[in-house]
Amino acid sequence: MLVPFTKMHGCGNDYIYVNAMQHPIADPQACAIRWSDRHKGIGSDGLVLIDKSPVPEADFSMRIFNADGSEAMMCGNASRCIGKYLYERRTHPWPFPVKEGNGCQETGIRLLTLSGIKTLQLHIIDGKVESVTVDMGEPILEDESLFVGNRGMGKGIFVSMGNPHYVIFIDDVDQVGETGAVLERHPAFPQRCNIEFARIQPDGSIRTRVWERGSGITMACGTGACATAVAACLSGRADRMNDIVMDGGTLHIEWCKSNNHVYMTGPAEFVFDGEIEMT
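Residues numbered from 1 in each chain as written. Predicted model: local features only at pLDDT ≥ 70, side-chain atom pairs only at ≥ 80, totals over all residues. Heavy atoms only, no water.

1. Observations regarding the pairing of strand β12 (residues 164-169)
Within a regular beta strand, the side chains point alternately toward one face of the sheet and then the other, so they alternate between its two faces.
Reasoning step 1: When you tally the buried positions in β12, you get six out of six residues, the bulk of the element.
Reasoning step 2: The alternating pattern of β12 places Pro164, Tyr166 and Ile168 on one face and His165, Val167 and Phe169 on the opposite face, and all of these are buried.
Reasoning step 3: The pairing of strand β11 (residues 156-160) with β12 spans four bridges and is classified as antiparallel. Each residue of the ladder has a partner; that of phenylalanine 158, found in β12, is tyrosine 166.
Reasoning step 4: Linking β11 to β12, which pair antiparallel, is a turn of three residues; within it glycine 162 sits at a positive phi near 90 degrees.
Reasoning step 5: Both β12 and strand β13 (residues 194-200) contribute to a ladder of five bridges, which runs parallel. Across the sheet, residue tyrosine 166 finds its bridge partner in β13, namely isoleucine 195.
Reasoning step 6: Remark: the β12/helix α3 (residues 176-184)/β13 crossover connection has right-handed handedness. (Buried < 20%, exposed > 50% of the residue type's maximum accessible area, 1.4 Å probe, protein only. Helix = DSSP H or I, 4+ residues; strand = E, 2+ residues; numbered from the N terminus. Pairing = 2+ DSSP bridges. Right-handed = clockwise from strand over helix to strand, strands pointing away.)

This is the structure in structure tokens:
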């Protein structure tokens, strides 16, 4: 059986997207491992299934499987891509309200994830989704300052955005390639952890590299960008609005003081469509 798929990326964080409403996937863990292989498969950071929501509070749902087959709780880049996919690939009139705002049209989608319902605000110009703002909810900050034996780098800052992140501020962010795999599986993180290495740049932006649990180094991580921005604010390194510069592009993050929610804005792009055999 051939399964249609769409390859998309958000700031280089690339996933394989399957419309599970039309093409259910019986073993997504195995498919994620096989299809994500960059030499023998499609090549990606993982597999994303777009489905109908089982609860009335959300419009659609997503499930995310990393390249190693493990299921992720949330991915900001993937959620933006889903917004673009649903709007631009629809075969019927858009069922949700569309309003004019800030020189473009805007519309919203409620997306059910394993870390709760996320609201996506689509920014549309000439019928195309130019960017998406995701309400990522409130950061969880218990035990936010930890030392996990990170090779003399000092304390990192633990922030959960529905999934766990450990942010280390350091000049040499490229060390994430040497240290990320070790810290991901440190005993302090029984469910493993995403690792960010970050530094404040002269223009005030924050250069960040990320090691994602289950996928390794990725070009970008939406929840990681949010966690980095929160950690920078908590530690007095930055204010509540930041540009997070990752390997694949820049995400704008606002940690809103009035409701404590973190808002992430960034692009989403189609790469190609195809079909792959289900074995």
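From this point on, the discussion continues.
2. Observations concerning the packing of aromatic side chains
Reasoning step 1: Counted by the stated rule, this structure contains seven aromatic pairs.
Reasoning step 2: Aromatic pair tyrosine 15 and tyrosine 17: ring centres 6.5 Å apart, planes at 75 degrees, arrangement edge-to-face. Each member of the pair, tyrosine 15 as well as tyrosine 17, is classed as buried.
Reasoning step 3: With a centroid separation of 5.2 Å and an interplanar angle of 75 degrees, the aromatic rings of tryptophan 94 and phenylalanine 96 are classed as edge-to-face.
Reasoning step 4: Counting every residue linked through ring pairs, the aromatic cluster contains Phe60, Tyr87, Trp94 and Phe96.
Reasoning step 5: Stacked on the ring of phenylalanine 270, the Lys or Arg arginine 89 has its end atom at 4.1 Å from the ring centre.
Reasoning step 6: One residue, arginine 90, lies across the ring of tyrosine 87, its end atom 4.3 Å from the ring centre. (Phe/Tyr/Trp six-rings, centres within 6.5 Å; stacked < 30°, edge-to-face > 60°. Lys NZ or Arg CZ within 6 Å of the ring centre and 35° of its normal.)

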